[in-house]
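Reading the structure
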Amino acid sequence: MKKVRVRFAPSPTGYLHIGGARTALFNWLFAKKYNGSLILRIEDTDTERLKEDSVSQILSSLKWLGIDWDEGPEKGGDFGPYFQSQRQELYTKAAQTLLKENKAYHCFCSVEDIEEERQKQRQEGTPFRYPGKCRNLSPEEVKARLEQGLSSVIRIIGPDAGQVLVEDIIRGPVSFESEQFDDFIIMKSNGTPAYNFACVVDDNAMQISHVIRAEEHLSNTPKQCLIYRALEYEIPLFAHLSMILAPDRSKLSKRHGATAVGEFQEMGCLPEALVNYLTLLGWSPLEEQSEIISPAQTIPSFSLEKVSKTAAVYDVQKLIWLNGQYMTTYDLESLTLQTIPFFIQAGLITSLEVGEKREYIRDVVSTVRERVRTLGELAEASRYFFQDIVSYDEKGLEKYFLKQEGVEALLAKGRECLTTLDRFDVESVESAYRQLMDDLKIKGGVIIHPTRLALTGRTVSPGLFEVMALLGKRKCLERLDKAIELIRISFEKD
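Residues numbered from 1 in each chain as written. Predicted model: local features only at pLDDT ≥ 70, side-chain atom pairs only at ≥ 80, totals over all residues. Heavy atoms only, no water.

**Considering the pairing of strand β6 (residues 172–177)**
In the sheet, strand β5 (residues 163–168) pairs with β6 via six bridges, with the strands oriented antiparallel. Residue pairing in the sheet places Gln163 in a bridge with Glu177 of β6. (Pairing = 2+ DSSP bridges. Helix = DSSP H or I, 4+ residues; strand = E, 2+ residues; numbered from the N terminus.)

This is the structure we're talking about:
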């Protein structure tokens, strides 16, 4: 195999979505597998649809995912520039070559001319094909029209018969009837290249060996093959990744929830979990490998031949499950660092408090992380560690405070045993409560459930004794007092 050079070529008309992220990831995995290079090229010639911050968002999303490119923006390289808008000279030169070799021609047909022909063919029940009206203009006539300043596009001369065969690594050979292709435009009237033409010129100039991209580009490939042949370029190998569909197998869209990489970051997904999930969208690990798989584990067994031909189905619940799995084993310091912005956003701490509370924050993260699935959930589940209890879970209030017989006295006994403790760690608190359960001859749940509600306002939390130790003696006593008073007032009203 020759030197592997692959490219990810997003258009900055929006943010990086999971389809583009998967394409970037599969290119990256393939390059890593064969010690090749990943080139990042920004296809920014569609000036009408460009979004100002798209490039920075795309770059930051790739960095967050850990997908590093070898050449491109911020990296440079021997095959730049890496923005199509800066490569105009290359496209003009290639188009002039085709004109000189009579493989392309200037077309002076107006928009109205084209629309009239389109309507005529529609009435005849045939798909539109440009009829080649300007193909046979003499050089003198072309020159005269250009000198008059008449607007023109450049069209490549398409095939009149036969088939265009595309060899696809994932799908095998795919053939297209030549009659599908007319003399299509390669240079627009404003002098900028059409998408297919720019792709071919750039891929050749950058010595791209494999074009790995989304299935939606398969229909562009025969046109690009025709351009490659006309320019006498070597055709790279193609691999088209199947679509990612919504759970109902419709086209994935905003209505199906988060789809942009930045949105997953904002909801508290870990980059490693999202990369893991994207890896499984259309590719399966070896039988002996777990679904929890890192890039380092994926790279040795990754191959395009193992990529599925059928569409992958987007399942956000699978992603959230994976994220939860990662959170339980994630490096605690790194997890704490990534959780802090969510604590600040939730109003649990201020940025000025981070330094002084860093150890406490880490302990909270360590205590809570196994019961949540995202960083956003972790922050919400940690609220009672930072803020006083202002309300209690309604069902818990009814069940454990108002209907459980003797709960006021029970909480008071628990409070009393806590006041005697000199040490207030998990072992000491648990030992005191276990002894109280034995003395009262009650099951653990009888006192644990109302105590949890009193201390957290919730019926579900990490282990009660871990929560108590982390809250500290003063807060535990204060919250037990508050719950006891609430119960007393409720029964006095009755």
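That covers the picture; the talk isn't over yet.
**Describing the nonpolar core**
Formed by 57 residues in total, the largest nonpolar core has its most connected members in Phe343, Phe385, Phe401, Leu418, Tyr433 and Met468. Formed by 50 residues, the second largest nonpolar core is a distinct cluster that contains Phe302, Leu304, Ile320 and Leu322. (Core = buried A, V, L, I, M, F, W, Y, C linked by side-chain atoms within 4.5 Å. Buried < 20%, exposed > 50% of the residue type's maximum accessible area, 1.4 Å probe, protein only.)

**Some thoughts on the pattern of salt bridges**
Throughout the structure, instances matching the rule amount to 29 salt bridges. The residue Glu333 makes a salt bridge to Arg362 at a minimum N-O spacing of 3.5 Å. One end of the pair, Glu333, is in helix α12 (residues 332–345); the other, Arg362, is in helix α13 (residues 354–368), and 29 residues separate them in sequence. When its relative accessible area of 25% is taken as the criterion, Arg362 is described as partly exposed. What emerges from the salt-bridge pattern is a single network uniting Arg7, Arg41, Glu43, Arg87, Asp202 and Asp203. (Salt bridge = Lys/Arg side-chain N within 4 Å of Asp/Glu carboxyl O.)

**A short note on the packing of α12 against α13**
A packed helix pair is summarised by two numbers, namely the angle formed by the two axes and the spacing between the axes. Two elements in contact, α12 and α13, have axes separated by 9 Å at closest approach and are oriented at 110 degrees. Comparing their axes, α13 and α12 come out roughly perpendicular. Across the interface between the two elements, Leu332, Glu333, Leu335, Thr336, Leu337, Thr339, Ile340, Phe343 and Ile344 from α12 touch Val354, Arg358, Ile361, Arg362, Val364, Val365 and Ser366 from α13. The class makeup of the residues in the contact of α12 with α13 is 10 nonpolar, three polar and three charged. (Axes fitted to C-alpha atoms, helices over the stretch in contact; angles between N-to-C directions. Parallel < 35°, antiparallel > 145°, perpendicular 65-115°, else oblique. Contact = heavy atoms within 4.5 Å. Nonpolar A, V, L, I, M, F, W, Y, C, P; charged D, E, K, R; others polar.)

**Let's talk about the environment of Ile227**
Structurally, Ile227 can be placed in helix α7 (residues 221–231). Sequence separation between Ile227 and Arg415 is 188 residues, and the spatial gap between their C-alpha atoms is 81 Å. Those residues in contact with Ile227, other than ones at most four positions away along the chain, are Ile156, Phe184, Ile186, Asn196, Phe197 and Val200.

**Some details on the sheet that holds strand β4 (residues 153–156)**
The strand order across the open sheet built from three strands is β3-β4-β7, with neighbouring strands paired in antiparallel fashion. Both outer strands of the open sheet, β3 (104–107) and β7 (185–187), are each paired with one neighbouring strand and no more. The mean inter-strand angle of the sheet, taken between neighbouring strand axes irrespective of direction, is 45 degrees. Two elements, β3 and β4, share four bridges in a ladder whose sense is antiparallel. Residue pairing in the sheet places Cys107 in a bridge with Val153 of β4.

**Some remarks on the environment of Arg458**
Within the secondary structure, Arg458 sits in the loop between α18 (444–456) and α19 (464–471). Through-space distance from the C-alpha of Arg458 to that of Ala381 is 9.6 Å; in sequence the pair is 77 residues apart. Non-local contacts of Arg458, meaning those with residues more than four positions away in its chain, are made with Glu380, Ala381, Arg383, Tyr384, Asp393, Arg452 and Leu453. A polar side-chain atom of Arg458 sits 2.9 Å from the main-chain carbonyl oxygen of Glu380. (Polar contact = N/O pair within 3.5 Å; in protein donor to acceptor, adjacent residues only side chain to side chain.)

**Structural notes on α12**
Taking 1.5 Å per residue, 14 residues should reach 20 Å; α12 reaches 20 Å between its end C-alpha atoms and fits that length. If you look at α12, its biggest bend is around 30 degrees, right at Thr339, and the proline Pro341 turns up within four residues after that. Considered for burial, the residues of α12 that qualify are Leu335, Thr336, Thr339, Ile340, Phe342 and Phe343. Structurally, α12 contributes buried residues whose contacts are with α8 (261–266), α11 (316–329), α13 and α14 (375–381). (Expected span 1.5 Å × (residues − 1). Bend = angle between axes of the 7 residues up to and from the residue.)

**Some remarks on the packing of aromatic side chains**
Across all of its chains, the model carries nine aromatic pairs by this definition. Summarising the aromatic geometry, the rings of Trp283 and Phe302 are spaced 5.8 Å apart at their centres and angled 40 degrees between planes, so their arrangement reads as tilted. In this pair, Trp283 is assigned in the loop between α9 (271–279) and α10 (295–298) and Phe302 in the loop between α10 and β11 (312–313), connecting sequence segments 19 residues apart. Here Trp283 falls in the buried class, since its relative accessible area comes to 2%. Here Phe302 falls in the buried class, since its relative accessible area comes to 0%. Ring plane angle 75 degrees and centroid distance 5.6 Å describe the contact between Tyr360 and Phe386, whose orientation is recorded as edge-to-face. Here Tyr360, found in helix α13, pairs with Phe386, found in the loop between α14 and α15 (394–402); they are 26 residues apart in sequence, far enough to count as distant. Tyr360 sits in the partly exposed class, given a relative accessible area of 22%. (Phe/Tyr/Trp six-rings, centres within 6.5 Å; stacked < 30°, edge-to-face > 60°.)

**A word on the side chain of His210**
Note that His210 resides in strand β8 (residues 210–214). On the basis of relative accessible area, His210 is assigned to the buried category, the value being 3%. Here the side chain of His210 touches Ser209 through a polar contact of 2.8 Å, side chain to side chain.

**Quick notes on the side chain of Ser61**
Positionally, Ser61 belongs in helix α2 (residues 54–65). The class of Ser61 is buried, set by a relative accessible area of 5%.

**Structural notes on helix α3 (residues 88–100)**
Since the α-helix turns once every 3.6 residues, residues separated by three or four places project in the same direction. In a regular helix each residue adds 1.5 Å, so 13 residues correspond to 18 Å; α3 covers 19 Å between its end C-alpha atoms and thus fits that length. Along α3, the residues that are buried comprise Tyr91, Ala94, Ala95, Leu98 and Leu99. All buried residues of α3 fall inside an arc of 145 degrees around its axis, so they share one side. In α3, the exposed positions that point more than 90 degrees away from the buried face belong to Glu89, Lys93 and Lys100. Residues of α3 that are buried sit in contact with β3, β4, β7, α6 (195–205) and α7. (Arc of directions from axis to C-beta.)

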